[in-house]
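So you can see what is in the structure, the chains are spelled out below.
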Amino acid sequence: MRSNFLRSWSFGTLIGLAATACAPTYQLGLKPARPSGLFAEGREQAQAQADSVEVRLSFVCFEPTRLVFEAEYRNPTRRPLVVDPTAFQFEPSRQPQPAAVPGQKYHRPKPLPGTEVTAAVAAASQTLALPPLPARPVAAIDPEPEITYLRATADQEADKASRFDWLGLALTVTSVALDVASLGGRETVGQYQNRAAVQDIAFAYNVASAATKVEHAVSADQLQQRAAHLQEYALRKVTLEPGQQVRGYLYFPRYDAADALVVQAPLGSRVVPLEFAQVRRRVR
């Protein structure tokens, strides 16, 4: 009975692995829903205007958990304009699953390589369940708390990297003292073994301590770089005087199972929609 069970389990596992291996893979992309003819550094921009103020938005890249856009504001008016990244919101949506034909057997979709498909078709072709989309608009991520956190954590890591290791010093002094004491006469086997053990402990501890300090220093440097990157590139709250303009990165959570994203961009007292299509193209 056990043998039959193992054979059945192995066969089922192989079938599951084969199905997974044969499932298509897709490349995800994001672009303005309608061509605008406007580009920034090779990226097409969506554009909107209200009260003589213009905003442009282009998609930059996918991060592991976030979408990165670049927003650009121009203020040709005679009044100051406050630009606040936390006032941005977006609403993801997707096309419905194709309706099944009554009486017809279901067949898993098999898009050809290079074909663009909806989120529902992609999930069906991979035998995956579609996750729910948010019921409310999703706010952009405020960069200020992240910058503050990165700075503080970098300072903590730098402090750990530069902190003097008194225990390592004590072990080193003890090891040297035992070496000096051994020069005055003959050691017993037990004394030699004890001295060698202390030396090994001191050496191993100091090597580990030095490696830990290096890890803290590297972590501090990486955190400082991330904070500096956000400070330089993120769109941060700013007042645009007449004739001024500003551009910066805007961050949203990722929703890979969406087909469209409508970004609500603030323009003074008004909000304007900027529509993007999220597409997935089969690569194999």
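Before reading further, recall that the structure is shown in the block above.
None of the values given here were measured: they were computed from a predicted structure.

Draft legend 1. Representation of the overall build of the protein within the structure. Per the secondary structure count, the protein includes 5 helices and 13 strands. Sorting the 284 residues of the protein into buried and exposed places 32% on the buried side. Contacts spanning at least 24 positions in sequence make up 72% of the contacts within the protein whose residues lie at least 6 apart. Of the roughly 17600 Å² of accessible surface on the protein, 58% is carried by carbon and sulfur atoms.

Draft legend 2. Highlighting the nonpolar core. Counting 30 residues, the largest nonpolar core has F69, Y73, F88, F252, V263 and L274 as its most contacted members. Looking at this core, the elements with two or more residues in it are β3 (43–50), β4 (53–62), β5 (66–74), β6 (81–83), β11 (245–253), β12 (260–267) and β13 (270–282). Beyond its immediate stretch of four places on either side in the chain, V263 contacts L57, F69, F88, Q89, F90, F252, V272, P273, L274 and F276. The next biggest cluster of nonpolar side chains, apart from the first, holds 10 residues, and it includes A154, A227, L230 and Y251.

Draft legend 3. Region of the structure containing the environment of R66. Along the chain, R66 turns up in strand β5. Of the residues examined, R66 reaches a relative accessible area of 14% and is grouped as buried. Each C-alpha atom, one on R66 and one on Y255, is 8.5 Å from the other, the two residues being 189 residues apart in sequence. What R66 contacts, discounting residues up to four positions off in sequence, is C61, I141, E146, Y251, F252, P253 and R254. Within the local environment of R66, its side chain forms a polar contact with the side chain of E146, the two groups lying 2.9 Å apart.

Draft legend 4. Fine view of the layout of surface pockets. In this structure, the largest pocket encloses a volume near 310 Å³. When its residues are assigned to classes, the lining of the largest pocket shows 13 nonpolar, 2 polar and 3 charged.

Draft legend 5. Broad picture of the packing of helix α3 (residues 143–162) against helix α5 (residues 189–233). At a minimum axis distance of 8 Å, the contact between α3 and α5 shows a crossing angle of 155°. Comparing their axes, α5 and α3 come out roughly antiparallel. The two elements α3 and α5 meet at a crossing, and its hand is left-handed. Contacts between α3 and α5 pair E146, I147, L150, R151, T153, A154, D155, E157, A158, K160, A161 and S162 from the former with K213, H216, A217, S219, A220, L223, Q224, R226, A227, L230 and Q231 from the latter. Grouping the constituent residues of the contact of α3 with α5 by class yields 10 nonpolar, 6 polar and 7 charged.

Draft legend 6. Main features of the packing of aromatic side chains. One pass over the structure, following the stated rule, counts 9 aromatic pairs. An aromatic cluster is built from F59, F62, F69, F90, F252, Y255 and F276, whose rings are joined through pairwise contacts. In this structure, R66 packs its charged tip against the face of Y251, placed 4.6 Å from the ring centre.

Draft legend 7. Summary view of the sheet that holds β11. The sheet built from 5 strands is open, its strands ordered β2-β3-β4-β5-β11 with antiparallel pairing. At either margin of the open sheet sits one strand with a lone partner, and together these are β2 (39–40) and β11. Two elements, β4 and β5, share 8 bridges in a ladder whose sense is antiparallel. Residue E54 lies in a different strand from β5, and its bridge partner there is R74.

Draft legend 8. Looking closely at the side chain of N75. In this structure, N75 sits in the loop between β5 and β6. Not counting the four nearest positions on each side in its chain, N75 is found in contact with V53, P80, L81, L240, E241, P242, G243 and Q244.

Draft legend 9. Quick peek at the pairing of β12. Of all the 8 residues making up β12, 6 are buried; the element is thus mostly covered by neighbouring parts of the structure. In this structure, strand β7 (residues 89–93) lies alongside β12, joined through 5 bridges in antiparallel fashion. Bridging across to β12, F90 finds its partner in V263. Hairpin geometry of β12 and β13 is characterised by an intervening segment of 2 residues between the two adjacent antiparallel strands and by a positive phi of about 65° at G268.

Draft legend 10. How the structure looks around α3. In this model α3 runs 29 Å from its N-terminal to its C-terminal C-alpha over 20 residues, within 8% of the 28 Å that 1.5 Å per residue would give. The elements touched by buried residues of α3 are α5. Capping the start of α3 is the job of one residue whose side-chain oxygen sits 3.1 Å from the backbone nitrogen of E144: D142.

Draft legend 11. Focus on the side chain of E157. Positionally, E157 belongs in helix α3. A residue is classified by how much of its surface remains accessible, and E157, at 13% relative accessible area, is buried. For E157, the side chain forms a polar contact with the side chain of S219, separated by 3.4 Å. Setting aside chain neighbours within four positions, we find E157 in contact with H216, S219, A220 and L223.

Reading guide: rules and limits
- Residues numbered from 1 in each chain as written.
- Predicted model: local features only at pLDDT ≥ 70, side-chain atom pairs only at ≥ 80, totals over all residues.
- Heavy atoms only, no water.
- Helix = DSSP H or I, 4+ residues; strand = E, 2+ residues; numbered from the N terminus.
- Buried < 20%, exposed > 50% of the residue type's maximum accessible area, 1.4 Å probe, protein only.
- Contact = heavy atoms within 4.5 Å.
- Areas by Shrake-Rupley, 256 points an atom, 1.4 Å probe, with all protein chains shown as cover.
- Core = buried A, V, L, I, M, F, W, Y, C linked by side-chain atoms within 4.5 Å.
- Polar contact = N/O pair within 3.5 Å; in protein donor to acceptor, adjacent residues only side chain to side chain.
- 1 Å grid on protein atoms, 1.4 Å probe; cavity = no way out; pocket = protein on both sides within 12 Å on 5 of 7 lines; lining within 4 Å.
- Points joined across faces, edges and corners; volume = space filled by probe spheres on them.
- Nonpolar A, V, L, I, M, F, W, Y, C, P; charged D, E, K, R; others polar.
- Axes fitted to C-alpha atoms, helices over the stretch in contact; angles between N-to-C directions.
- Parallel < 35°, antiparallel > 145°, perpendicular 65-115°, else oblique.
- Left-handed = near helix turned anticlockwise from the far one by under 90°.
- Phe/Tyr/Trp six-rings, centres within 6.5 Å; stacked < 30°, edge-to-face > 60°.
- Lys NZ or Arg CZ within 6 Å of the ring centre and 35° of its normal.
- Pairing = 2+ DSSP bridges.
- Expected span 1.5 Å × (residues − 1).

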